Amino acid sequence: MSNLTHKELPAHIEAACHTVIGRAIEVHRVLGPGLLESLYEDALVYELRDAGLRVDQQVDLAVPYKATTLRGQRLDVLVLLKDGLRRVFNERSPLARTDVHGRHDKVTSDGISL
């Protein structure tokens, strides 16, 4: 896992995080509390795309486990940055991670492999 601190993040990652947080606040401000999670997710995806970010929604995550691959984990929102790196934004987990579970990730045809 990378030892970057908040102040050491590259400017494009800092800008993307700022956009995601600002747009998430906007969604909550407009919709308020109490709606289904899927509505907030759809609104956030709309906002992020409107902001010019490349976003995938409900992305399957393949997790390697010993000699097999576990399936069933799904990411709510995946932001694809210009440098080819992916950032996860999931309503049920910390707002942003620099990579999936602190490891290098790559997008495959059936989701993301670690």
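Because the structure is a prediction, the values reported are computed rather than measured.

A. Representation of helix 2 (residues 37-50) within the structure. Here helix 2 spans 20 Å end to end across 14 residues, near enough to the 20 Å set by a 1.5 Å rise per residue. When we look at burial in helix 2, the residues that qualify are Tyr40, Glu41, Leu44, Val45, Glu47 and Leu48. Buried residues along helix 2 cover an arc of 165° about the axis, so they all sit on one side. Relative to its buried face, helix 2 has exposed residues pointing more than 90 degrees away, namely Tyr46 and Asp50.

B. Looking closely at a nonpolar patch on the surface. On the surface, a cluster of nonpolar side chains totalling about 440 Å² of accessible area is made up of Val30, Leu31, Leu35, Leu36 and Leu39. Tracing the backbone through its elements, the reader meets Leu31 in helix 1 (residues 11-31).

C. Representation of the confidence of the model for the protein chain within the structure. Averaged over the protein chain, the pLDDT score is 77; the fraction of residues at 70 or greater is 67%. The secondary-structure element of the protein chain with the lowest mean pLDDT is strand 4 (residues 106-108), recorded at 42, while helix 2 shows the highest, at 96. Ignoring residues within four places in sequence, the model shows residues 93-114, a span with pLDDT below 50, making 50 contacts including any to other chains.

Reading the values: rules and limits
- Residues numbered from 1 in each chain as written.
- Predicted model: local features only at pLDDT ≥ 70, side-chain atom pairs only at ≥ 80, totals over all residues.
- Heavy atoms only, no water.
- Helix = DSSP H or I, 4+ residues; strand = E, 2+ residues; numbered from the N terminus.
- Expected span 1.5 Å × (residues − 1).
- Buried < 20%, exposed > 50% of the residue type's maximum accessible area, 1.4 Å probe, protein only.
- Arc of directions from axis to C-beta.
- Patch = residues over 30% accessible without salt bridge, like charges linked within 9 Å, V, L, I, M, F, W, Y side chains within 5 Å.
- Areas by Shrake-Rupley, 256 points an atom, 1.4 Å probe, with all protein chains shown as cover.
- Salt bridge = Lys/Arg side-chain N within 4 Å of Asp/Glu carboxyl O.
- pLDDT = per-residue confidence, 0-100.
- Contact = heavy atoms within 4.5 Å.

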